Amino acid sequence: MVTGVQMDRFDAMLAFARVVETGSFTKAAQTLHMSRTTATQLVQQLEARLRVRLLNRTTRRVNVTADGAAYYQRVRRLLADLDDAETSLSSAAAVPRGRLRVDVPAPFARLLLVPALPDFHARYPDIQLDLGVSDRDVDLIDENVDCVIRGGGIADPSLVARHIGDLHAGIFAAPAYLHRAGVPTHPLDLQDEPHRIVGYLRSRSGSVRPYALHRGEEQVSVRGRHLLSVDDGNAYLAAGVAALGALWLPDYMAAPHVATGDLVRLFPEWRIDPMPMHVAFPPNRHVSAKLRAFIEWVAARMGHWAPVDRPGAS
């Protein structure tokens, strides 16, 4: 039995969670403003209480066990719920504070969100933002994520989704690609030799999505052929700039590269329906002051970047 530290279950769970997240007792202790010895003893006492080994320790690294991984998911939810309960108090609600976990698409994070975060932190200096950057479908419950920002429809009907903006898009290609394959005069030309597109994979199905365009009464759906498909927005953009095929891009992603001449817009007379942007969160997740503050802030920013296109949308 470990002596020297009287175990507080909350402190022990918090220490365990931080060790899992940082991969180190030393780093975990630093974030919790306690000694490494204290953090180690708290986790040891927690293991003794549970009669389960939660962590495998070597001289170089700490790995979570299978039991520890399952316990960690429960602990994360408990700690998040406790944090929400505290921040829901009137005194805390007046000044939003605490840890907020958000997941956003990679290009959106790099080009729009992260450059604007100094404004967010200036307004809400007590909110710690943990930003997951990915284009995959995130399980908000299992991964203990407070909200996600996604383009297109929200596949999970159980989530609460708020429509915060619409991204206008077009078809683009690199000059080197057009020199090699020729300049297409109609969107359907992209389906014929020698043209290629860069495929963007749907995260769930692994299939490449077709794109619909319209010009007046004329409507077409273009799938195209590809030698490369990717599931990450930044890699998708890089492939197009590298002349590997034509791209369907939101204007905000394409604009810097059009300005430098790295990309050329194709078919400017054709229109692609705007991509709706949503912020989504679980219906059973308490909308704490910190979450509400972030949602309202990012919705206001989207009003500048890409306002809702269709009248009456919400």
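Remember, predicted model here, so these are calculated numbers, not experimental data.

1. A look at the side chain of H186
Relative to the helices and strands, H186 is located in the loop between α7 (175–181) and β8 (197–200). A distance of 3.0 Å separates polar atoms of two side chains, one belonging to H186 and the other to E218. Apart from the residues lying within four places of it in its own chain, the contact partners of H186 are R215, E218, V220, F267 and W270.

2. Some points on the nonpolar core
Core analysis: the biggest nonpolar cluster contains 60 residues, and F108, I171, L190, Y236, W248, L249 and F294 have the highest contact counts within it. Listed in part, the 21 residues of the second largest apolar core include A12, V43, L46 and L79.

3. A short note on the packing of helix α1 (residues 9–22) against helix α2 (residues 25–32)
Packing of α1 against α2 brings their axes to within 8 Å, and their N-to-C directions diverge by 125 degrees. Between α1 and α2, the crossing angle belongs to the class labelled oblique. In terms of crossing hand, the pair formed by α1 and α2 is right-handed. Of α2, the residues touching α1 (which contributes L14, A15, R18, V19 and T22) are F25, K27, A28, T31 and L32.

4. What about the pattern of salt bridges?
Once their charged atoms are close, side chains differing in charge can pair, the charge on each being opposite to the other. One pass over the full model with this rule turns up 13 salt bridges. A salt bridge links E269 to R215; its shortest N-O distance comes to 3.6 Å. In this pair, E269 sits in the loop between β13 (264–266) and β14 (275–281) while R215 sits in strand β9 (residues 211–215), placing the two residues 54 residues apart along the sequence. The class of E269 is partly exposed, set by a relative accessible area of 41%. It is possible to trace a salt-bridge network through shared partners that takes in R18, E21, R99 and D130.

5. What about empty space enclosed by the protein?
Summed over the entire model, instances satisfying the criterion amount to one cavity of 30 Å³ or more. Space inside the largest cavity adds up to approximately 50 Å³. Considering the residues around the largest cavity, the lining is formed by A169, G170, I171, L213, R265, L266, F267, P268, W270, R271 and I272. Contributions of two or more residues to the lining of the largest cavity are made by β7 (169–173) and β13. For the lining of the largest cavity, a count of residues per class yields eight nonpolar, one polar and two charged.

6. Some points on the layout of surface pockets
Volume-wise, the second largest pocket comes out at about 300 Å³. As for the second largest pocket, its lining consists of 15 residues, and the residues nearest its centre are L14, R18, L79, D83 and R99. Secondary-structure elements contributing two or more residues to the lining of the second largest pocket are α1, α4 (66–87) and β3 (98–104). Here the residues of the lining of the second largest pocket sort into six nonpolar, two polar and seven charged.

7. Quick notes on the sheet that holds strand β6 (residues 160–167)
What the five strands build is an open sheet, ordered β4-β3-β5-β14-β6; its pairing is mixed. The open sheet terminates on both sides in strands that have one partner only, identified here as β4 (127–133) and β6. Neighbouring strand axes in the sheet, compared pairwise and without regard to direction, differ in orientation by 20 degrees on average. Across two bridges, the pairing between β3 and strand β5 (residues 147–151) is parallel. Directly across from D103, in β5, lies its bridge partner V148.

Parameters and conventions
- Residues numbered from 1 in each chain as written.
- Predicted model: local features only at pLDDT ≥ 70, side-chain atom pairs only at ≥ 80, totals over all residues.
- Heavy atoms only, no water.
- Helix = DSSP H or I, 4+ residues; strand = E, 2+ residues; numbered from the N terminus.
- Polar contact = N/O pair within 3.5 Å; in protein donor to acceptor, adjacent residues only side chain to side chain.
- Contact = heavy atoms within 4.5 Å.
- Core = buried A, V, L, I, M, F, W, Y, C linked by side-chain atoms within 4.5 Å.
- Buried < 20%, exposed > 50% of the residue type's maximum accessible area, 1.4 Å probe, protein only.
- Axes fitted to C-alpha atoms, helices over the stretch in contact; angles between N-to-C directions.
- Parallel < 35°, antiparallel > 145°, perpendicular 65-115°, else oblique.
- Left-handed = near helix turned anticlockwise from the far one by under 90°.
- Salt bridge = Lys/Arg side-chain N within 4 Å of Asp/Glu carboxyl O.
- 1 Å grid on protein atoms, 1.4 Å probe; cavity = no way out; pocket = protein on both sides within 12 Å on 5 of 7 lines; lining within 4 Å.
- Points joined across faces, edges and corners; volume = space filled by probe spheres on them.
- Nonpolar A, V, L, I, M, F, W, Y, C, P; charged D, E, K, R; others polar.
- Pairing = 2+ DSSP bridges.

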